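Summary of the model geometry
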Amino acid sequence: MFYTSTRDKSIKVTASQAIAQGISSEGGLFVPCEIPFFSQDKISSMIPMSYIQRAKTVLREFLTDFSDEELDYCVEGAYAAEKFSSSEIAPTVNISGNKNILELWHGPTCAFKDMALQLLPYLMTVSAKKTAGGKTIVILVATSGDTGKAALEGFKDVDNTKILVFYPVDGVSPMQKLQMTTQQGSNVSVCAINGNFDDAQNAVKSIFTDEQIKKELEKKNMMFSSANSINWGRLVPQIVYYFSSYCDMVKAGRIKNGDKINVVVPTGNFGNILAAYYARCMGLPVKKLVCASNANNVLTDFLKTGTYDKNRAFYTTTSPSMDILISSNLERLLYHMSGEKDTVVSQLMGKLSSEGRYTVSDDLIFEIQQLFDAGFASESSVDDTIKELFDDYGYLCDTHTAVAVKVYDEYVKSTGDDIPTVIDSTASPYKFSSSVLHAVLDGKVPELDEFDMVDELNRITGADIPSPISSLRDKSVRFSNVCNKNDMAQMVFKLLDL
C-alpha cells in the first residue's frame, strides 16, 4: 500500500513516510493509492472478534510496511483494557427502534479523538524509526477542544517527540481548557491564541510548509508532524470503529450481515465522517452518510449546493469542536470523488485560500450527493434534543451528539429513510456539563462553578462521572501562554527553545 498527495499524485510514499511527515511538502494531504475491499465473508469473520482483533484486521490492509509484531505492539498498546472504561472500547447502544448510538468517548480524555490518538503515538514511533533517521518529531496541533487533550495525553513523555498544542482562547469549554492546561508530561506545551480554530489551523498549515522554519528545525535534528486529522495516521484508526459497530449490531441481532445501515456524524473538520466514507468504499454496507453541523453550517451548504464558502459569520456554540469554517479533510473526499484529479483539487484549494470559496462541477456534487446528505441544528434545538433524549429514554448525551441526533431526526422526517442507523457520540456529557445541565433543567441552572455543575448533573441524572473528569478537580494549571494568531510561528520557536 502506497500513498499519494491530493495535490500531486506523482508523489508515492509508504504508510510510515505519510505518518511521520504528516502533510505533503506542497500542502496536500496523503491518501491511499488504492482502497482495499472487504467481502461480506470477511466482515462476517470479524463479528466474533474483539475490538483489538478488528483493528488489526483493518489496519493491516493500510499499514503494509509494518510487521505483524509492530502492528501488535501498536494496537495492543493503544487499546489496552486499563485505558478504556468500556470493555468493548467503542460500544454501540440502542436507544429506540433503529436509532443506535456509537459511544466513542470511553477513553482517557472522554472524547472520540482517543480512538485515534491513543494509537497515533505508537504508529508515529514505529514510523519514525523507519523514516526519520533519529530526528525528534515535533507534533504541532491546532485544536477546537478535544484533539488537543487527546494528543497531549497520547504523546506525553513519548521518546523523541515534542508536542505543541494551540487552542482558541474563547473557543473551548471550561473543562476542555482545564484538561489541556493541567496536562502533565516533560515534552508537552500548550498555548491559547486570540482567534478561532480556523485561525489556528491555518497558521499550523503555514508553519508546516515554511521552508525557513523547517531549516531551523533541521539544524536541531527536528522535524514537524501533525496529530490533527490531516495526518493519515489519525484518520485510519477511525475506519475501524465503523466496522466494529456494524459487527456489534449483527452480533446483537439488530441487523443481518449484508444489511445496509445509515451513519450520522457530528462534523467539524470532516475526518470522522470521511473515515465512514472509507469504510463504505471498503465494502461496509452503508447506504447514506449524513453530515451533521451546528450553526457553523458551511458543510451543509456545500453538500446541498456544491459551493464551499467560508466567508460568513462565525458562531461560538455549545458544540465547540464543530466551530469550524475550513474543513480540511473535505479535500480528501474531493480527490477521490473527482476521479483522483489532483490539478482540480489544487485549483479548488487555491481558490479557498485566495478567495475563501470555491464551487465544484455539477457532475462532482451530483456524485457526492448520491452518498451524502446533510443538515444542521440550531442552538435551541440542541438543548431540546438533549432534554428529550434524557426525558424519553433516560439517555444523557453531550452537545455534539445532540446535533447529530437532531439532524438524524430531521433526515428521517424529510426522507422516510429510517433503516438501522449508527449515530456517532463524540464526547462525554460531562465535558460540557454546563451546557448539558442547562438543557436538562430547561434553562433553570443555579450559579455553580464547573465542578459543582458536574456534581449537580450527576445528582439529577445519575449518569456516572468519568474518572478523567473527576480527577481534574485537584490538578494545578501548568500552561497560561496566550499569543496572537500572527505570532504562532514565534511562539513555536519559544516553546521549543530555538
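Summary of the structure given here. Fair warning: this is a prediction, and the values are worked out from it, not measured in the lab. (Residues numbered from 1 in each chain as written. Predicted model: local features only at pLDDT ≥ 70, side-chain atom pairs only at ≥ 80, totals over all residues. Heavy atoms only, no water.)

1. Brief notes about the sheet that holds strand 14 (residues 372-376)
In spatial order, the strands read 4-5-15-10-11-14; together these six strands make up an open sheet with mixed pairing. Two strands lie at the open edges of the sheet, namely strand 4 (92-96) and strand 14, each paired on one side alone. Each strand axis lies, on average, 25 degrees off the axis of its neighbour in the sheet, ignoring direction. By the bridge criterion, five bridges tie strand 5 (residues 99-103) to strand 15 (residues 421-425) in an arrangement that is parallel. Looking across to strand 15, one finds that Ile101 is bridged to Ile423. (Pairing = 2+ DSSP bridges. Helix = DSSP H or I, 4+ residues; strand = E, 2+ residues; numbered from the N terminus. Axes fitted to C-alpha atoms, helices over the stretch in contact; angles between N-to-C directions.)

2. A word on the environment of Thr300
Tracing the sequence through the fold places Thr300 in helix 13 (residues 298-305). With a relative accessible area of 5%, Thr300 lands in the buried category. Each residue touching Thr300, except ones within four places of it in the same chain, is listed here: Ser293, Ala374, Gly375 and Phe376. A polar atom in the side chain of Thr300 sits 3.4 Å from the side chain of Ser293. (Buried < 20%, exposed > 50% of the residue type's maximum accessible area, 1.4 Å probe, protein only. Contact = heavy atoms within 4.5 Å. Polar contact = N/O pair within 3.5 Å; in protein donor to acceptor, adjacent residues only side chain to side chain.)

3. A few points about the pattern of salt bridges
What the rule picks out here adds up to 24 salt bridges. The salt bridge involving Arg60 is made with Asp68; its shortest N-O contact spans 3.6 Å. Across the pair Glu456 and Arg459 runs a salt bridge whose closest N-O atoms are separated by 2.8 Å. Of this pair, Glu456 and Arg459 both sit in helix 20 (residues 450-461), separated by three residues, roughly a single helical turn. (Salt bridge = Lys/Arg side-chain N within 4 Å of Asp/Glu carboxyl O.)

4. Details of the packing of helix 3 (residues 51-62) against helix 11 (residues 232-251)
Helix 11 packs onto helix 3 with a crossing angle of 130 degrees between their chain directions and a minimal axis gap of 9 Å. By the angle between their directions, the pair helix 3 and helix 11 is classed as oblique. The way helix 3 lies across helix 11 gives a crossing that is right-handed. Contacts from Tyr51, Arg54, Ala55, Val58, Leu59 and Phe62 in helix 3 reach Trp232, Val236, Pro237, Ile239, Val240, Tyr241, Phe243, Ser244, Cys247 and Asp248 in helix 11. Of the residues contributing to the contact of helix 3 with helix 11, the split by class is 13 nonpolar, one polar and two charged. (Parallel < 35°, antiparallel > 145°, perpendicular 65-115°, else oblique. Left-handed = near helix turned anticlockwise from the far one by under 90°. Nonpolar A, V, L, I, M, F, W, Y, C, P; charged D, E, K, R; others polar.)

5. Notes on the pairing of strand 9 (residues 222-226)
Taking burial as the measure, the five residues of strand 9 include four buried ones, the bulk of the element. Across five bridges, strand 6 (residues 136-142) lies against strand 9 in parallel orientation. Across the sheet, Leu140 pairs through a bridge with Ser226, a residue of strand 9.

6. Observations regarding empty space enclosed by the protein
Empty space among the atoms becomes apparent when a probe as large as a water molecule is rolled across them. A complete count under the given rule lists two cavities of 30 Å³ or more for this structure. In this structure, the largest cavity encloses a volume near 250 Å³. If you trace the largest cavity, you find 23 residues lining it, with Phe112, Lys113, Gly268, Asn269 and Ser321 closest to the centre. The set of elements that each furnish at least two residues to the lining of the largest cavity consists of helix 11 and helix 12 (271-281). Of the residues contributing to the lining of the largest cavity, the split by class is seven nonpolar, 14 polar and two charged. Space inside the second largest cavity adds up to approximately 40 Å³. In terms of residue count, the dominant contributor to the lining of the second largest cavity is helix 9 (residues 197-208) (three residues). Across the lining of the second largest cavity, the residue classes tally to three nonpolar, two polar and one charged. (1 Å grid on protein atoms, 1.4 Å probe; cavity = no way out; pocket = protein on both sides within 12 Å on 5 of 7 lines; lining within 4 Å. Points joined across faces, edges and corners; volume = space filled by probe spheres on them.)

7. Details of the pairing of strand 15
Among the five residues that make up strand 15, five are buried, leaving the element largely enclosed by the rest of the structure. Of the two faces of strand 15, the one carrying Thr421, Ile423 and Ser425 and the one carrying Val422 and Asp424 are both buried. Pairing of strand 10 (residues 261-266) with strand 15, which is carried by three bridges, proceeds in the parallel orientation. If you follow Val264 over to strand 15, its bridge partner there is Ile423.

8. A word on the nonpolar core
Grouped together as the largest cluster of nonpolar side chains are 110 residues, with contacts concentrated most on Ile239 and Leu334. Among the elements that make up this core, the one with the highest residue count is helix 11 (twelve residues). Ranked by size, the runner-up nonpolar core spans 39 residues in total, among them Val382, Phe390, Ala402 and Leu457. (Core = buried A, V, L, I, M, F, W, Y, C linked by side-chain atoms within 4.5 Å.)

9. Let's talk about the packing of aromatic side chains
This model, assessed by the stated rule, comprises 15 aromatic pairs. Between the aromatic rings of Phe208 and Phe224, the centroid separation amounts to 5.7 Å while the plane-to-plane angle is 65 degrees, which identifies the pairing as edge-to-face. Of the two residues, Phe208 sits in helix 9 while Phe224 sits in strand 9, which places them 16 residues apart along the sequence. According to the relative accessible area criterion, Phe208 is buried, its value standing at 5%. Residue class for Phe224 comes out buried when judged on its relative accessible area of 8%. Lys12 extends its terminal NZ or CZ atom over the ring of Phe2, reaching a point 5.5 Å from the ring centre. (Phe/Tyr/Trp six-rings, centres within 6.5 Å; stacked < 30°, edge-to-face > 60°. Lys NZ or Arg CZ within 6 Å of the ring centre and 35° of its normal.)

10. Regarding the sheet that holds strand 3 (residues 30-32)
In a beta sheet, neighbouring strands pair by backbone hydrogen bonds and run either parallel or antiparallel. Reading across the sheet, the three strands line up as 2-1-3 and stay open at both edges, with antiparallel pairing between neighbours. What marks the edges here is a single partner per strand, and that holds for strand 2 (8-13) and strand 3. Within this sheet the neighbouring strands show an average axis-to-axis angle of 40 degrees, counted without direction. Examined bridge by bridge, strand 1 (residues 3-5) and strand 3 share three bridges and lie antiparallel to one another. Note that in strand 3 the partner of Thr4 across the bridge is Val31.

Just geometry here; none of it tells us what the structure is for.
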